[in-house]
Structure formats: C-alpha cells, structure tokens
Amino acid sequence: MTKVNTSLFTESKNYIPGGVNSPVRAFTGVNGDPLFISKADKAYLYDADGKRYVDFVGSWGPAILGHNHSEVAQAVKQAVDNGLSFGAPTAIELEMAAYLCQEIPNLEMVRMVSSGTEATMSAIRLARGYTGRDKIIKFAGCYHGHSDSLLVNAGSGALTQGTPSSAGVTKGAAQDTLVATYNDLASVEQLFVNNPEQIACVIVEPVAGNMNCVPPVEGFLTGLRALCDKYGAVLIFDEVMTGFRVAFKGSQEVFNVNADLITLGKIIGGGMPVGAFGGKKEIMQHIAPLGPVYQAGTLSGNPISMTAGLTTLKLLNKAENYQQLTQSVDYLTQGLVSLAQKYDLPFTVNKVGGMFGIFFSQQPVTNLETAQQADINLFKKFHALMLEQGVYLAPSAFEASFMSLAHTTADLDFVLAAAEQAFITLSKEDK
Ligand SMILES: Cc1ncc(COP(=O)(O)O)c(C=O)c1O
Ligand SMILES: N[C@H](C=O)CCC(=O)O
C-alpha cells in the first residue's frame with residue numbers, strides 16, 4: 001500500500017473494528033490491506049494516493065451506469081435542495097413503487113426499506129406471518145444480509161472470514177433455518193418431506209453472487225417453484241444483487257419463473273442506501289398497517305435514495321444497455337479464458353447479464369462445494385498482481401464481479417493486458 005492509504009488504514013483500525021465498516025472490505029480474503037477510495041468516476045476508482053483502478057466491484061453492484069453518472073448526480077443535487085428526509089410519504093416514493101410494479105413481474109405491491117438486509121428479513125417475516133409456519137429454507141453459500149436467521153451457512157464476507165454461521169446468533173434464531181444445496185432440488189425436497197407443513201418459504205439468490213457467481217442449472221428455479229407449490233411455501237427471489245443486473249426485469253424474466261416475493265436493493269438506490277420487498281398483493285396485504293406483520297423504518301423511502309434510484313432505473317431501461325453489458329462481459333471473460341489456456345492455468349468463468357465470476361478451477365462451479373474447490377491461493381496472488389497494475393477486483397474469491405456501462409473496450413483491453421502479465425507470473429510460479 002502507498003503512503004496515504006497506509007496511514008489512513010493504520011489510523012482507522014484505532015476507531016473502527018478492523019478499520020472497515022463491512023468485513024469483506026478488509027482484504028483479509030486476499031491477505032492484503034484495503035485501499036481507501038477518494039473518488040470514483042465512470043469505470044474507475046481513485047485511491048487516497050491518487051492511483052486509478054478499473055473497477056469491477058461497482059460499490060458491490062449498484063454502479064451499473066458507472067460511477068458518478070452526471071444525470072444521477074444532478075438529480076440528487078436538486079433533491080437535496082428540497083430537504084434530506086421527511087419521515088412522511090412523498091410523491092417520489094409513489095413514483096418509485098409504481099415504476100417497480102410496472103417493470104418487475106409479479107410485483108403488485110412493494111415496501112421500501114433502507115438495505116438489502118432489511119428487505120430479506122422483512123420478506124421472511126411476512127412469509128412466516130402469511131403461512132403461519134416457522135421454518136425457512138436457504139442455500140449454503142447464499143447470502144441474504146446479516147439478520148440473525150439468515151447468518152447460517154452464509155456466503156459473502158461471512159464465508160470469506162470463515163464464519164458462515166455467525167457467533168451471536170442464538171440457537172433459537174438459527175433452528176428454523178434449514179440449509180439446502182444450491183442447484184440440488186433433491187436436497188430441497190428432502191427438507192420439505194422431513195418438515196411437513198412447517199416450511200414458510202424458500203429464499204434463493206436466483207443467480208448466486210455471494211459464493212462468487214454461480215448461475216442456476218437448467219430446471220433448478222422452475223423446480224423450486226414446483227416444490228413451493230406442492231408444499232404450500234412462499235418462493236422468495238432475493239434479487240438484491242440480480243435485480244436490474246442480470247436483465248432489466250431481473251431473474252424472473254431471464255429464467256421464466258414466477259416468484260411470490262421479491263427483494264431488491266443495490267441498483268434501485270443508484271448508490272444511495274436502499275432496499276425493497278414486494279410481491280403478490282394477497283401476501284403484501286399482511287404487512288402493517290394493513291395486516292398483522294409489523295415492519296417499519298425511520299428513513300424508509302428516503303427521497304434522496306428514491307431520486308438516485310429512479311433516475312438510475314430510467315437511464316438503464318433500454319434493451320441495448322443489457323446487450324452492451326453482456327457483450328462486455330463476454331469480451332472480457334472470453335479474453336481471460338484464452339489467456340489462461342495460453343499459460344496453462346486452471347480457469348473457468350460463470351456469467352449472467354452484467355455479472356460474472358472467475359475461478360481458478362478446471363471443473364464447472366455449480367455450488368458452494370465446487371466454488372471452495374477452486375484454487376483460492378492462486379486467486380489471491382492474481383488479485384494482488386491485478387491490483388498492482390490498476391485493476392480493482394473484489395477482495396475475495398467468494399464475490400461476483402460486476403460490469404458497468406461505463407467500461408469501454410479500451411478499459412477491457414487494459415485489463416486483459418494486465419491479466420496476461422499476471423498469468424505469466426503465476427505460470428512461472430507454478431513450475
Ligand atoms: C443477494 C443479497 N441479499 C441481501 C444483501 C444484503 O444487502 P445489504 O448489504 O444492503 O444489507 C446482499 C448484499 O449485501 C446480497 O448480495
Ligand atoms: N457480497 C456483499 C453484498 O452483496 C458485499 C457487501 C458487503 O457485505 O459489504
């Protein structure tokens with residue numbers, strides 16, 4: 001790390017646990033030290049020492065237009081002039097809700113919250129209140145935020161830190177969380193059979209992005225739909241990451257499957273804190289003040305977040321944007337695969353729309369077990385070599401990468417040239 005970065009990190013550790021406000025930022029997953037970011041623009045991050053990086057983290061997903069998009073920034077500046085927060089209904093939150101319901105399949109009503117964690121926690125409470133059942137099914141390696149009952153075999157930072165099932169979660173909170181294997185319908189059906197009429201919902205990342213990027217195999221999501229119908233459970237698609245990322249209308253469109261409840265976050269806040277959950281009216285009417293399932297939030301529907309989010313969504317809403325994202329992902333990942341072959345390195349990629357994952361693995365990665373079988377040490381070395389050359393990848397082998405509309409072919413060629421240098425170094429070390 002360079003001078004200013006080093007002193008900021010040293011100082012931060014005195015006041016903030018681990019020097020960071022979210023564990024995955026700490027770079028422990030790559031045995032490094034975090035960069036302190038001073039500004040971001042288009043496809044680039046600039047660290048505290050002024051060094052530029054081509055960024056594939058995109059604030060963990062939201063920056064799909066690229067950083068600091070001028071129209072979003074302008075709209076936010078105007079909204080700020082009217083006040084930051086009112087704790088009362090606004091026209092902009094109505095506009096956001098109506099827009100989401102118009103664009104996202106099966107979203108008839110939606111409640112805004114302030115994070116993805118709140119969205120999934122509330123959706124689960126709602127599913128429990130609606131069905132009168134206690135147990136839920138999640139998948140090993142999927143991450144749905146940090147509420148107690150979901151920090152069981154979780155992905156993302158929890159997995160990276162080696163604490164997929166967090167300390168501090170009581171047995172009571174965890175006992176109703178049943179864990180199945182991603183892409184394995186038999187493991188789900190077994191849980192339904194073993195817990196008759198007790199399972200309120202299945203919650204799934206339709207494309208897993210918190211054990212790196214792991215798409216659903218053919219029939220997995222439709223199979224979940226069928227199992228939920230058969231056993232009377234609610235199907236929750238956690239689209240906090242995949243919403244507006246894999247396609248404008250999300251995973252339901254890509255995989256042609258209907259969910260009962262959908263959670264959103266990240267992109268719908270355009271870089272501001274946000275989350276949302278919604279779905280069929282019949283279920284959503286159980287939420288307070290209409291129904292008995294309580295859910296609330298001081299800053300929910302915050303006008304600045306709504307403005308940033310809605311402006312982002314309207315700019316995104318063009319088929320050619322998703323063609324561009326897919327083409328950019330294809331260009332980069334095909335280039336990486338060819339280079340890895342050239343230097344005889346084990347390498348595989350997964351991708352859907354604007355998200356992708358790279359693995360130092362010879363076998364396809366379809367679940368947590370195969371993601372963990374990839375060569376994590378090789379990834380750590382690759383990460384360091386890329387960072388040195390000005391490419392910012394997620395500091396963990398268990399995080400998906402994100403393309404933005406601001407990444408140019410020149411940026412991607414720069415990244416491929418850096419990757420070639422990194423692969424040359426890695427292949428020499430390998431021998
Ligand atoms: C799929 C998924 N669900 C939920 C969350 C939680 O969102 P947040 O970090 O905004 O609480 C995240 C990311 O953190 C996520 O990737
Ligand atoms: N993978 C997480 C969200 O998608 C990363 C964000 C965080 O935990 O800080």
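Residues numbered from 1 in each chain as written. Chains lettered and ligands numbered in written order. Predicted model: local features only at pLDDT ≥ 70, side-chain atom pairs only at ≥ 80, totals over all residues.

Per an unreviewed UniProt entry, the chain is named Glutamate-1-semialdehyde 2,1-aminomutase, and its organism is Psittacicella hinzii. Note on the chain: under the UniProt heading Subunit (unreviewed entry), the record states "Homodimer." Taken from UniProt, the Sequence similarities (unreviewed entry) comment for the chain reads in full: "Belongs to the class-III pyridoxal-phosphate-dependent aminotransferase family. HemL subfamily." (UniProt positions renumbered as here; feature names shortened; annotations may be inferred.)

1. Thoughts on the site of ligand 2
Contacts to ligand 2 come from Ser 22, Val 24, Trp 60, Tyr 143, Ser 156, Gly 157, Asn 210, Met 241 and Glu 399. Residue composition of the shell around ligand 2, by class: four nonpolar, four polar and one charged. Of the residues that make up the shell around ligand 2, three or more belong to each of domain 1 (4-68 + 318-430) and domain 2 (70-316). (Near = placed C-beta within 6 Å. Nonpolar A, V, L, I, M, F, W, Y, C, P; charged D, E, K, R; others polar. Domains from an automatic or database assignment.)

2. Comments concerning the sheet that holds strand 4 (residues 109-113)
Reading across from one edge, 4-10-9-8-7-5-6 is the order of the seven strands in this open sheet, with mixed pairing throughout. Every other strand in the sheet has two partners, leaving strand 4 and strand 6 (177-180) as the edge strands with one partner each. Geometrically, the sheet is characterised by an average inter-axis angle of 20° between neighbouring strands, direction not taken into account. One ladder, built from three bridges, connects strand 5 (residues 135-139) with strand 7 (residues 199-204); its direction is parallel. Bridge assignment links Lys 135 to a residue of strand 7, and that residue is Ile 199. Each of strand 4 and strand 10 (275-279) touches helix 3 (residues 91-103); the most contacted strand, strand 4, lies at about 130° to it. (Pairing = 2+ DSSP bridges. Helix = DSSP H or I, 4+ residues; strand = E, 2+ residues; numbered from the N terminus. Axes fitted to C-alpha atoms, helices over the stretch in contact; angles between N-to-C directions. Contact = placed C-beta atoms within 7 Å.)

3. Digging into the sheet that holds strand 2 (residues 44-47)
Across the sheet, which stays open at both edges, the four strands sit in the order 1-2-3-13 with mixed pairing between neighbours. Of all the strands in the sheet, just strand 1 (37-41) and strand 13 (391-392) have a single pairing partner and so form its edges. One ladder, built from two bridges, connects strand 3 (residues 52-55) with strand 13; its direction is parallel. Counted as the bridge partner of Val 54 is Val 391 from strand 13.

4. A look at the environment of Gly 18
Along the chain, Gly 18 turns up in the loop between helix 1 (3-15) and strand 1. With residues up to four places along the chain from it excluded, the contact list for Gly 18 reads Lys 13, Pro 23 and Ala 26.

5. Things to note about helix 4 (residues 116-131)
In this model, helix 4 (16 residues) spans 23 Å end to end at C-alpha, consistent with the 22 Å of a helix rising 1.5 Å per residue. The element helix 4 is extensively covered by neighbouring structure, given that 12 of its 16 residues are classed as buried. Listed in full, the buried residues belonging to helix 4 are Gly 116, Glu 118, Ala 119, Thr 120, Met 121, Ser 122, Ala 123, Ile 124, Leu 126, Ala 127, Arg 128 and Tyr 130. Two residues or fewer after helix 4 comes Gly 132, characterised by a positive phi angle close to 70°. (Expected span 1.5 Å × (residues − 1). Buried ≥ 20, exposed ≤ 12 C-beta atoms within 10 Å, placed from the backbone.)

6. Considering the nonpolar core
One finds Ala 127, Cys 201, Val 202, Val 234, Ile 236, Leu 261 and Ala 276 to be the most contacted residues of the largest nonpolar core, which totals 127 residues. With seven residues, the single largest contributor to this core is helix 4. Counting residues domain by domain, this core receives three or more from each of domain 1 (4-68 + 318-430) and domain 2 (70-316). Once residues lying within four places of it in the same chain are set aside, the contact partners of Val 202 are Ile 137, Val 188, Leu 224, Cys 228, Ala 233, Leu 235 and Ile 236. (Core = buried A, V, L, I, M, F, W, Y, C linked by C-beta atoms within 7 Å.)

7. Focus on the domain arrangement of the chain
Partitioning the chain into domains gives domain 1 (4-68 + 318-430) and domain 2 (70-316). Spacing between the C-alpha centres of domain 1 and domain 2 amounts to 25 Å. Taken together, the contact between domain 1 and domain 2 spans 34 residues of the former and 38 residues of the latter. Looking at the side of domain 1 that touches domain 2, its residues break down into 18 nonpolar, 14 polar and two charged.

8. Examining the pairing of strand 11 (residues 348-352)
Strand 11 sits mainly inside the fold: four of its five residues count as buried. Taken together, the five bridges between strand 11 and strand 12 (residues 355-359) define a ladder with antiparallel strand orientation. When the bridges of strand 12 are listed, Val 352 appears paired with Met 355. As consecutive antiparallel partners, strand 11 and strand 12 are separated by two residues, and within that stretch Gly 353 has a phi angle of approximately 55°, a positive value.

9. Details of the packing of helix 3 against helix 11 (residues 303-316)
Their axes nearest at 9 Å, the elements helix 3 and helix 11 cross at an angle of 40°. With respect to helix 11, the axis of helix 3 lies oblique. Handedness of the crossing formed by helix 3 with helix 11: left-handed. The segment helix 3 lies against helix 11, with Ile 92, Glu 93, Glu 95, Met 96 and Tyr 99 engaging Pro 303, Met 306, Thr 307, Gly 309, Leu 310 and Leu 313. The residue makeup of the contact of helix 3 with helix 11, split by class, is seven nonpolar, two polar and two charged. (Parallel < 35°, antiparallel > 145°, perpendicular 65-115°, else oblique. Left-handed = near helix turned anticlockwise from the far one by under 90°.)

10. Points about the pairing of strand 3
As paired strands, strand 2 and strand 3 are joined by three bridges and run antiparallel to one another. Residue pairing in the sheet places Tyr 44 in a bridge with Val 54 of strand 3.

11. Examining the environment of Gly 250
Counting through the fold element by element, Gly 250 comes out in the loop between strand 8 (234-238) and helix 9 (251-255). Sequence separation of Gly 250 and Ile 262 is 12 residues, and the distance between their C-alpha atoms is 10.0 Å. The residues touching Gly 250, leaving out its near neighbours within four places in the chain, are Ile 104, Glu 239, Thr 242, Gly 243 and Phe 244.

12. Section: unusual backbone geometry
Of note, the bond from Ala 288 into Pro 289 is cis; its omega dihedral lies within 30 degrees of zero at 10°. Within the secondary structure, Pro 289 is located in the loop between helix 10 (281-284) and helix 11.

13. Here's the deal with the packing of helix 2 (residues 70-81) against helix 11
Axis separation between helix 2 and helix 11 bottoms out at 9 Å; the angle between their running directions is 150°. Compared by their axis directions, helix 2 and helix 11 come out roughly antiparallel. The two elements helix 2 and helix 11 cross, and the hand of that crossing is right-handed. Together, Glu 71, Val 72, Ala 75, Val 76, Ala 79 and Val 80 of helix 2 and Pro 303, Ile 304, Thr 307, Ala 308, Thr 311, Thr 312 and Leu 315 of helix 11 make up the contact between the two elements. Its residues assigned to classes, the contact of helix 2 with helix 11 comprises nine nonpolar, three polar and one charged.

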